[in-house]
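# Summary of structural features
In case you want the letters, here they are:
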Amino acid sequence: GDSVTQMEGPVTLSEEACLTINCTYTATGYPSLFWYVQYPGEGLQLLLKATKADDKGSNKGFEATYRKETTSFHLEKGSVQVSDSAVYFCALSGLNNNAGNMLTFGGGTRLMVKP
Amino acid sequence: KAGVTQTPRYLIKTRGQQVTLSCSPISGHRSVSWYQQTPGQGLQFLFEYFSETQRNKGNFPGRFSGRQFSNSRSEMNVSTLELGDSALYLCASSSLAGHYNEQFFGPGTRLTVL
């Protein structure tokens, strides 16, 4: 079945440092890939997405590129802020789900940014 | 446009009881999915409803059930609660079918089973 593996946290960075959170996946064909963010006490918010190979999703300074050859979708940001502190989830929506909207999530990576 | 709303936000039950959680999707959205979030198992898909029909179901026991009404509002029910059912239950809605669509999540219902 489909699966997503992302680096375990917590990841602790100083403000303005570079961020990379690794994410790899296993799925049939060409799934859609997503990064969601969860702030304390809240639900998930979509951060960015990519629906086909070589697509780059970007939002709020975050970027991720859909790499079919390495089955990866790593999240990157050039300069993190304290307000980026949250838990980040990599997820995929595959083709073997009866045309539905089922997401398979990675385990989540907690990011803590210190001033 | 109002977001996804879930009620109640917090719930405390005892083992053996049953519970019903409610989710109102974004207006116009016909797909509603439910997820369970726990520290040990992470985020796991429970089921998805589209136009009142269950379209997908995750690997959960039959104690977990759901339904969707004609106005797209959805409920999930957990019977014979166990301690391990303590979790944050998240609902998500989407406007279209298809694996490429964004899902919009509600704030969740935190269920504590004592």
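Refer to the structure presented above.
Notes on the structure in this doc start here. Per chain, residues are indexed from 1 in the order of the written sequence. Naming scheme: in the order in which they are written, chains are lettered from A and ligands are numbered from 1. Under the rules for a predicted model, residues below a pLDDT of 70 receive no local features and side-chain atom pairs below 80 are neither given nor counted, while totals for whole chains, interfaces and linings still include all residues. Where side-chain values are given, they derive from all heavy atoms of the structure, hydrogens and water being excluded.

### Re the overall build of chain B
- Only DSSP runs of H or I with at least four residues qualify as helices, and only runs of E with at least two residues qualify as strands; both kinds are numbered from the N terminus onward. Each helix and strand in chain B was counted, giving zero helices and eleven strands.
- For chain B, the α and β elements follow one another from N to C terminus as β-β-β-β-β-β-β-β-β-β-β.
- The quantity called the radius of gyration is restricted to C-alpha atoms. Its globule counterpart is 2.2 Å times the number of residues to the power 0.38. For 114 residues, the compact-globule formula gives about 13 Å, and the C-alpha radius of gyration of chain B, at 13 Å, lands near that figure.
- Counting only C-alpha atoms and orienting by the principal axes, one finds that chain B spans roughly 40 × 25 × 25 Å.
- Burial status follows relative accessibility: with a 1.4 Å probe on protein chains alone, a residue under 20% of its type maximum counts as buried, one over 50% as exposed, and anything between as partly exposed. In chain B, buried positions account for 52% of the 114 residues.
- For chain B, the accessible area works out to roughly 5,300 Å², and carbon and sulfur atoms hold 49% of it. Each accessible area value is a Shrake-Rupley result obtained with a 1.4 Å probe; residue values ignore everything except the protein chains displayed when judging cover.

### Some points on the environment of A:Gly107
All names here are of chain A.
- With respect to the helices, strands and loops of the structure, glycine 107 is situated in the loop between strand E11 (104-105) and strand E12 (109-114).
- In the structure, glycine 107 is positioned 16 residues away from alanine 91 in sequence and 9.4 Å away in space, judged by C-alpha atoms.
- Throughout, a contact is declared for two residues whenever any of their heavy atoms are within 4.5 Å. If sequence neighbours within four positions are ignored, glycine 107 has contacts with Gln6 and Phe89.

### With respect to the interface of chain B and chain A
- Each partner contributes residues to the interface: chain B has 24 residues there, and chain A has 25 residues.
- Two parts lose some accessible area (1.4 Å probe) when they are put together, and adding that loss for both gives the buried area. Carbon and sulfur atoms supply 51% of the area that chain B and chain A bury against each other, a total of about 1,800 Å² over both sides.
- A side-chain nitrogen of Lys or Arg and a carboxyl oxygen of Asp or Glu constitute a salt bridge if their distance falls within 4 Å. Where chain B touches chain A, the interface holds zero salt bridges.
- Identification of polar contacts relies on pairs of N or O atoms within 3.5 Å, with a donor-acceptor requirement for protein atoms, meaning one able to donate a hydrogen and the other able to accept it, and with residues adjacent in sequence counted only if both atoms are side-chain atoms. Put simply, chain B and chain A have three residue pairs in polar contact (both at pLDDT 80 or more) between them.
- Breaking the side of chain B that touches chain A down by element, the ones donating at least two residues are strand E4 (31-38), strand E5 (42-50), strand E6 (53-57) and strand E9 (87-94) of chain B.
- A per-element tally of the side of chain B that touches chain A places E4(B) first, with four residues.
- For the side of chain B that touches chain A, the per-class residue count stands at ten nonpolar, ten polar and four charged. Residues were grouped as follows: Ala, Val, Leu, Ile, Met, Phe, Trp, Tyr, Cys and Pro as nonpolar; Asp, Glu, Lys and Arg as charged; and all remaining residues, including Gly, as polar.

### Quick notes on the sheet that holds strand E9 (residues 75-77) of chain A
All names here are of chain A.
- The four strands lie next to each other as E3-E9-E8-E7, forming an open sheet whose pairing is antiparallel. Looking along the sheet, the strands with just one partner apiece sit at the ends: strand E3 (19-21) and strand E7 (56-59). Between one strand axis and the next, the sheet turns through 15° on average, direction left out of account.
- In this description, strands pair whenever DSSP reports at least two bridges between them. Note that E3 and E9 share three bridges and pair antiparallel. Opposite threonine 20, over in E9, you have glutamate 76 as the bridge partner. Between N-to-C directions, angles cover 0 to 180 degrees, with each direction set by a line fitted to C-alpha atoms, over the stretch in contact for helices.

### As for the state of the cysteines
- Disulfides are defined as pairs of cysteine sulfur atoms found within 2.5 Å of each other. Tallied over the entire structure, the rule returns two disulfides over all chains.
- Paired through a disulfide, A:Cys23 and A:Cys90 show a sulfur-sulfur distance of 1.9 Å. The chirality of the disulfide connecting A:Cys23 with A:Cys90 is left-handed, given an S-S dihedral of about -70°. Of this pair, A:Cys23 sits in strand E4 (residues 23-26) while A:Cys90 sits in strand E10 (residues 86-93), and the two are 67 residues apart along the sequence. Here A:Cys23 matches A:Cys90 in class, with each residue buried.
- In this model, B:Cys23 is linked to B:Cys91 through a disulfide, with the two sulfur atoms separated by 1.7 Å. Where B:Cys23 bonds to B:Cys91 through sulfur, the torsion about that S-S bond is close to -55°, and the disulfide is left-handed. Here B:Cys23 is found in strand E3 (residues 19-24), whereas its partner B:Cys91 is found in strand E9, with 68 residues between them in sequence. Accessibility assignment for this pair places B:Cys23 and B:Cys91 in one class, buried.

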